Every structure is written in structure tokens, then in C-alpha cells.
Amino acid sequence: MPEDAAERQLHFNLFLMGVGHHEAAWRHPRTDPSDAGDVAHFQQLARAAEAASFDSVFLADGVEARSDGGWGLISHFEPFTLLTALAAVTTRIGLIGTVSTGFSEPYNLARQFASLDHISHGRAGWNIVTSAGDRAAQNFGRSANQDHAVRYERAAEFLDVVTALWDSWEDDALLLDRASGAFAAPGRVHDVDHVGKHFQVRGPLNIPRSPQGHPLLVQAGSSDDGRAFAARWAEAVFTAQQTLAEGQAFYGDLKRQAAEAGRDPAQVKILPGVVPVLGSTEAEARALDEELDALISPARAVGVLSTVLGVDLTDHPLDEPLPPLPPVTEINGAKSRFELIRDLAERDRLTLRQLVGRLGGGRGHQVVVGTPEQLADHIETWFTQGAADGFNIMPPILPGGLDDFVEQVVPILRTRGLFREGYTGRTLREHYGLPRPAGRYATA
């Protein structure tokens, strides 16, 4: 059922990332780096988040790696494989996976998410990305990635095809009438017959309509193209802002664009990322933050930053400010993340060393270092002052950071009446207070 504005409560998504979101989490004594390759680790995290009534867990993904061994231990597993393993040991929590429209085909993706939705009894969600950078494209027969605008053009057509395929079986199409021999109702399974600029797909899908109708649609781009795409399609938006004012501006703009697109803005849930670095005192929290930052390898961090910005910083002095950066119009990668990092460096007058330290904790997401009460205050402020509908929780270390948040912060928010005591629905859409979409071919 749609969420009642008078009973609005926080939505929490656990962002699963190896053994923690901090760049150096795998080096910290409170983690075991081998956990990043152990499915039991992720199953434990999913069960802990479900016990706390989180709406969902989420897996980022990329289809590339660097020959120097990559960036810490981000991910080993392909999302569908891991999420299916998580579905087997949970019953209520949503399961959101990242798949790129740039390196997938609509039919296969529609089938995979419909399958996950059936397997999990209505808990699947798709984080839609268009994939920035050339390295991923070079794994798929291309020398370079498509232009930013073309990637979003392809994504829009991709969504048209996928949603049509999800609707290609009407809800009552599957009969399984053994007496008559009727497997499906005549006229209630439909070709989609899509012919467009990027795709040609006949349909129908080879799996009946799933429990949610459409798995939850999630998006994380904040560029102009990304916001327009989110306003048209997204039901949850994972975003990154550093200040309350920036969060309020993004929240207001996206809700406005959703309304202009003919949608109910309340049905677009905005969840900024937050990295909770917790201690029983501020000093204890700062000590943990400093321990983690001291473990950052500057050379590797600068290499990652160079990739994100599209500017080679490997020979730039660590104790000087960033060199002049190109205008964002010349960036063909992740434009919104480029702007966030540039603005952070300029606003706080950071040296390169300071910048990689700040980004090491959350890659541009807000990092809150403090006590559980201080983090609860921060969350309440953003939630009640028009900057968030909930948060993408990004513990700096796992599993300990999740345990700290669940045991120390969640009870405070429940006492304040801001977060649910338990689940009231069974599907991911129900957790987010979103309706089940009607099929486009539905007959009376």
C-alpha cells in the first residue's frame, strides 16, 4: 500500500561492500579480508539487516578490474548469483542489484530480475546504471564508452523494453489447467514487438509476471541527464551530498521533476549515502576514523581518484591542491561524482593527500564521525528538513560497523518514532510504500 505521509518513517538500505566502505577497511584489525570472498559473510549481513527491519540490501557492481589488483576488496561476486544466495536465507528484506544498461541486453536482464523476484517472493530491485569510463567498454568489444547523453538515451529505451517484457504476461495469464490442457490463457501473453534505435525485441518474456509486477527501480545518477532519467523511472534514488543545503536542493529538484513528469513525488524515495563512524564518545569515534585513514595507501587512492576524475594525478604532489580540472562539459564519465569531488576540494581547500583521505571513508558520501546520538540527530535533521526519505547505510567496516549501527542507532530512532519496529509488508515495494504497477496489457 502507498505510504501515508502522516505516518512517514525512515527507509534504510544496507549497502553491502566487501568488508566495509572505507578504502582501508580490509587492512583494519576488526575485519577479515577473506570475508569478501565468502558467501556466508554476506548472508550474515543480510540476516542482521533483516532482523533490524531494513528495507533492503544493495550490491554495487562493475564489469572491469585493474591489472594492479583493483581497489581493496570491493566485490568478488556477480549480483544475481549473490542475491539469490541471500534470498535463500532471508524472508523479508529487499534484494537490490546493480546491472548496467550499457553492457546488457533487455531480454536477458528482464528475465533475470523476474526470476529473482519469483525466487524471493517479491523482493527484487534493480539499481540502473549506465556505466562510465572506457575500461568497462573495452571488455565488451568497444575501444571507448559511448557519450554520456547517448548512454542515457540507450538506458531510456532499455527501460521501455524491459518494462514491456515484464508486462508481457498478464497477471492471470498462467492457468495450469490440467483437465483442459490449457497452460496459459489465450490472448493474455503478448509479443512486445519493439523496434527502436538501440534494440529490436519481439517478446514475450519466457517467465510469467513476477510478484511485484515490476521489480523496484533504483537509480543513482545525479547529473542533469541522471536526474531527468530518475524523474521518469526511479522509485528509489541513491545519491551523495555533503551538506544539508545540497541535500535539500537535490531533494527538492528531483521531486519537482518527478511531478513535472506526471508522477507522485512521494513515490520517489531519496536515500543519500551515509558512512557511520561510531564511538561511545566523540574521541572514540575520531580514533577509529584516524585508524582507518592511517591505513590508506596514497598511491592506490590517487590511482582510483584519477580514474574517477578522468585526470591523471599519479605524479601530482600529495601536499598541493588539485591542478586545474577540465569543465564538467568535457567529462564523459560520472559527471555528478566529478562535480562533487571538485566542489569538495575547492570548498574545503584540500590538498591531494587530504582529499584522498576524505574520499577514503565514503567516496564522496557524507561521513558522520560521532556518537550514536549525534548520528541519530543527523539522520533526523535530514529526514525532517526535506533532504532525505531515508539513508543508504555504508558501514566503514563490516560486520562490526553494521552491528554498531543496529545496536546503538536504530533503538534511538525507534524511540523517536522515526523507524519501524518491524515489517508491515512482505514485498520490497510494500517496504517502500509503493504500489504494484498494473500491467500495460491488462484486460478487464
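Residues numbered from 1 in each chain as written. Predicted model: local features only at pLDDT ≥ 70, side-chain atom pairs only at ≥ 80, totals over all residues. Heavy atoms only, no water.

S.K.: In this structure, what is going on with unusual backbone geometry? I would like to understand it.
M.R.: Outside of glycine, negative phi angles account for most residues, and trans bonds account for most peptide bonds. Between Gly 203 and the following residue, Pro 204, the backbone shows a cis peptide bond with an omega angle of -5°. Structurally, Pro 204 is set in the loop between β8 (200-201) and β9 (216-219). In this chain, Leu 398 is followed by Pro 399 through a cis amide linkage whose omega measures 10°. Within the secondary structure, Pro 399 is located in the loop between β13 (390-393) and α13 (400-415). Although it is not a glycine, Asp 193 adopts a positive phi angle of roughly 50°. Within the fold, Asp 193 resides in the loop between β6 (182-184) and β7 (194-195). Phi is positive for Arg 349, which is not a glycine, with a value near 50°. Here Arg 349 lies in the loop between α10 (335-347) and α11 (352-362). Judged by relative accessible area, which is 76%, Arg 349 ranks as exposed. (Helix = DSSP H or I, 4+ residues; strand = E, 2+ residues; numbered from the N terminus. Buried < 20%, exposed > 50% of the residue type's maximum accessible area, 1.4 Å probe, protein only.)

S.K.: Got a minute to help me understand the environment of Thr 98 in this structure?
M.R.: Within the secondary structure, Thr 98 is located in strand β3 (residues 94-100). On the basis of relative accessible area, Thr 98 is assigned to the buried category, the value being 4%. Spatially, the C-alpha atoms of Thr 98 and Glu 78 are 9.4 Å apart, while their sequence positions differ by 20 residues. What Thr 98 contacts, discounting residues up to four positions off in sequence, is Phe 58, Leu 59, Ala 60, Asp 61, Pro 79, Asn 127 and Val 129. Polar side-chain contacts of Thr 98 include one of 2.7 Å to the backbone oxygen of Leu 59. Only 2.9 Å separates the side chain of Thr 98 from the side chain of Asn 127, close enough to count as a polar contact. (Contact = heavy atoms within 4.5 Å. Polar contact = N/O pair within 3.5 Å; in protein donor to acceptor, adjacent residues only side chain to side chain.)

S.K.: What should I look at first to understand the side chain of Asp 404 in this one?
M.R.: In this structure, Asp 404 sits in helix α13. Classification of Asp 404 by relative accessible area gives buried; the value is 16%.

S.K.: How should I be thinking about the pattern of salt bridges in this particular structure?
M.R.: A side chain with one charge can pair with a side chain of the opposite charge if their charged atoms come near. Counting across every chain of the model gives 21 salt bridges. Arg 347 is paired through a salt bridge with Glu 246; the nearest N and O atoms lie 3.3 Å apart. Note that Arg 347 is positioned in helix α10 and Glu 246 in helix α7 (residues 244-260), a separation of 101 residues in sequence. Of the residues examined, Arg 347 reaches a relative accessible area of 38% and is grouped as partly exposed. Within the structure, one salt-bridge network assembled from shared partners comprises Asp 167, Asp 171, Arg 209, Arg 436 and Arg 440. (Salt bridge = Lys/Arg side-chain N within 4 Å of Asp/Glu carboxyl O.)

S.K.: So what exactly am I meant to see when it comes to α7 here?
M.R.: Structurally, the α-helix is built with 3.6 residues per turn, so residues lying three or four positions apart point the same way. If you check α7, its first and last C-alpha atoms are 24 Å apart, about what 17 residues at 1.5 Å a residue would give, namely 24 Å. Residues Gly 247, Phe 250, Tyr 251, Asp 253, Leu 254, Lys 255, Gln 257 and Ala 258 constitute the buried set of α7. For α7, the secondary structure elements touched by its buried residues are α6 (224-233), β10 (236-239), β11 (269-278) and α12 (372-384). One or two residues past the end of α7 sits Gly 262, with phi positive at roughly 85°. (Expected span 1.5 Å × (residues − 1).)

S.K.: It is not clear to me how the side chain of Thr 427 should be interpreted in this structure. Could you clarify?
M.R.: Its location among the elements puts Thr 427 in the loop between α13 and α14 (428-431). A residue is classified by how much of its surface remains accessible, and Thr 427, at 15% relative accessible area, is buried. Not counting residues up to four positions away in its chain, the partners in contact with Thr 427 are His 121, Gly 122 and Gln 212.

S.K.: For this particular structure, what's the right way to read the packing of aromatic side chains?
M.R.: Any two aromatic rings considered together are summarised by their centre-to-centre distance and by the angle between their planes. Per the counting criterion, the structure on display carries 16 aromatic pairs. Taking the centre distance of 4.7 Å and the plane angle of 65° together, the rings of Phe 80 and Phe 113 count as edge-to-face. Of this pair, Phe 80 sits in helix α2 (residues 79-87) while Phe 113 sits in helix α3 (residues 106-119); the two residues are 33 residues apart in sequence, bridging distant segments of the chain. Phe 113 shares its class with Phe 80; the two are buried. (Phe/Tyr/Trp six-rings, centres within 6.5 Å; stacked < 30°, edge-to-face > 60°.)

S.K.: Is there a simple way to think about the packing of helix α5 (residues 148-166) against α6 in this case?
M.R.: How two helices pack is summed up by the angle between their axes together with the distance between the axes. Two numbers describe how α5 lies on α6: the axes approach to 10 Å, and their chain directions differ by 10°. By the criterion of interaxial angle, the relationship of α5 to α6 is roughly parallel. From α5, His 148, Ala 149, Tyr 152, Ala 155, Ala 156, Leu 159, Asp 160 and Thr 163 reach across to α6, where they touch Asp 225, Gly 226, Phe 229, Arg 232 and Trp 233. (Axes fitted to C-alpha atoms, helices over the stretch in contact; angles between N-to-C directions. Parallel < 35°, antiparallel > 145°, perpendicular 65-115°, else oblique.)

S.K.: Please explain a nonpolar patch on the surface as it appears in this structure.
M.R.: A surface patch of nonpolar side chains, about 290 Å² in accessible area, is lined by Leu 174, Leu 176 and Phe 183. Its location among the elements puts Leu 174 in strand β5 (residues 174-177). (Patch = residues over 30% accessible without salt bridge, like charges linked within 9 Å, V, L, I, M, F, W, Y side chains within 5 Å. Areas by Shrake-Rupley, 256 points an atom, 1.4 Å probe, with all protein chains shown as cover.)

S.K.: Is there a simple way to explain the nonpolar core in this structure?
M.R.: A general tendency of soluble globular proteins is for nonpolar side chains to be buried together. The biggest cluster of nonpolar side chains holds 42 residues, and the ones touching the most others in it are Phe 12 and Phe 54. Contributions of two or more residues to this core are made by β1 (11-16), α1 (39-51), β2 (56-59), α2, β11, α12, β13 and α13. Ranked by residue count, the leading element in this core is α13, at 6 residues. Leu 109, Ala 110, Ala 114 and Ala 155 belong to the second largest nonpolar core, which has 25 residues in total. (Core = buried A, V, L, I, M, F, W, Y, C linked by side-chain atoms within 4.5 Å.)

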